[in-house]
Amino acid sequence: FAFISIMSAEPTNNPDSTETTEPTDATAKDAESKLDDTTNDTQPNTQSEAKHKTDDDDKNIHVPKDKKLKIEHVSIKTPFVLQDNVFYDIHVQTAEHDWHVIKRYSQFEDLNHQLTQVSKQKLPLLPAKHYKWFTDHTKPSFIEKRRALLDNYVKKLIKTKQVSSSQCVVNFFHTDKETEEVIAQRRLEQEQERLAQQQSSASAVNSDVHSHDDDDNEHHQHDDNAPGDDHNHNHNHPNDNAHGDDDNAEAPASCAADDEQKLNGNQKVRRLSDEWEFPEDQEVTNIVIQSTRKMTDHVIYQICVSNSHKRSSFRTWTVLRRFTQFYDMDSKLRTTLQSEKPDTLPTLPPPPTRKLKLVHDHMDDDFIEERRVLLENYISKLLRYPDVVSNEDFLRFVGVLEYN
């Protein structure tokens, strides 16, 4: 006990020591009480604000009011492959600004997982995960299918009120360091591709010029051996031909520019939300599969068809179709194009693949939603083909002509 007394008393007997004794419990409580009183007098709302901020950070639900971001439109149009990884370019638009953010599929997965932790609402359908050792993720058909489903996912996500204002959603649609690095690398590759194309074009032009010069030399040699009157006539002929060839070489570009100006000026093309232009005489300018209806053994798809060139009272109409009817239309369309327009057929988008009912539940909500998205993506792309939108089988399918 004497030793303990000496050790506890030693710091107090040395006034020059830099060490201080620890306050007793009573002293600590008094100090804390005074500090709390002082804090409450000077900053009355700090504690409540801090508590509110902590609660919001823990729940990860809402952004502070002064930092809320109302996203009006998002779209995924141009995925690309970089170092065997697929990136999806998301175009984000607000009332005043728009920007691009690059994301991988795994980041969509992380976002969806975070939202399931903070929201009890039913989230939009996220495309299923496929492992790389079973599925080639860089295959164009796989990329396009996943792009369409991710595009539907983000579009529906921003329309869900409580979810769209969550902090994790706002952070997801903002650029980050990885996005900036990917964009920089992507721009570098595009610049390299552009330079390579320029070099290839320059080589082709030089080759054509040398070939043209050789032909001119042959013509000159032939003219030098001709008689006098014919010599004078033929001597000017190569130059005339050369001048004519130059005019013809410039003619396609000039005609293309004239046609483009005529198209933009006289036909009054319309630019849609997906940045695709349709002529004024096209019967259908937009197709949306708005909803589905479950029947006893099949599903009906409600297709909203519109033509912006018509009066408002005749601009929009609705048709009901089954999945098999999509396939029947596609089969007839390809048969016709094979005989009439074979060059169009290889570029035509394929319909969604058929799946056996023994393996897949065709009445499952997620299955129906995925098929709806893919059917809408397929039929919307058909509108970009003039040979398709003028086809009678297609026009019957969308309700322009009487359906048999």
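Residues numbered from 1 in each chain as written. Predicted model: local features only at pLDDT ≥ 70, side-chain atom pairs only at ≥ 80, totals over all residues. Heavy atoms only, no water.

A. The packing of aromatic side chains, seen in detail. Throughout the structure, instances matching the rule amount to nine aromatic pairs. Measuring from ring centre to ring centre gives 6.3 Å for Tyr-301 and Phe-326, while their planes differ by 90°; the resulting arrangement is edge-to-face. Of this pair, Tyr-301 sits in strand β8 (residues 299-306) while Phe-326 sits in helix α10 (residues 323-340), and the two are 25 residues apart along the sequence. A residue is classified by how much of its surface remains accessible, and Phe-326, at 0% relative accessible area, is buried. Here the aromatic rings of Phe-323 and Tyr-327 are separated by 5.4 Å at their centres, their planes lie at 55°, and the arrangement is tilted. Pair noted here: Phe-323 and Tyr-327 are both in helix α10, with a separation of four residues, about one helical turn. Through pairs of rings, three or more aromatic residues link up here, namely Tyr-88, Phe-108, Phe-172 and Phe-173. Lying across the ring of Tyr-105, Arg-146 places its NZ or CZ 3.7 Å from the centre. (Phe/Tyr/Trp six-rings, centres within 6.5 Å; stacked < 30°, edge-to-face > 60°. Helix = DSSP H or I, 4+ residues; strand = E, 2+ residues; numbered from the N terminus. Buried < 20%, exposed > 50% of the residue type's maximum accessible area, 1.4 Å probe, protein only. Lys NZ or Arg CZ within 6 Å of the ring centre and 35° of its normal.)

B. Just the side chain of His-137, in detail. Structurally, His-137 is set in the loop between α4 (105-118) and α5 (140-157). From its side chain, His-137 meets the backbone oxygen of His-130 in a polar contact 2.6 Å long. (Polar contact = N/O pair within 3.5 Å; in protein donor to acceptor, adjacent residues only side chain to side chain.)

C. A look at the pattern of salt bridges. The final tally for this structure, using the stated rule, is 13 salt bridges. Ionic pairing is found between Asp-151 and Lys-155, a salt bridge with its closest N-O pair at 2.8 Å. Remark: Lys-155 and Asp-151 occur in helix α5; sequence separation between them is four residues, near one turn of the helix. Here Glu-370 ties to Lys-355 by a salt bridge, and the two come within 3.8 Å at their closest N and O atoms. Taken together, the residues span a long stretch of sequence, with Glu-370 in helix α11 (residues 365-382) and Lys-355 in the loop between α10 and α11 at a distance of 15 residues. What makes Glu-370 buried here is its relative accessible area of 18%. (Salt bridge = Lys/Arg side-chain N within 4 Å of Asp/Glu carboxyl O.)

D. Broad picture of the sheet that holds strand β9 (residues 316-322). Spatial ordering of the open sheet is given by β7-β8-β9, a layout of three strands whose pairing is antiparallel. Where the open sheet ends on each side, the last strands, each with one partner, are β7 (286-294) and β9. For this sheet, the mean angle separating the axes of adjacent strands, direction not counted, is 25°. Taken together, the seven bridges between β8 and β9 define a ladder with antiparallel strand orientation. (Pairing = 2+ DSSP bridges. Axes fitted to C-alpha atoms, helices over the stretch in contact; angles between N-to-C directions.)

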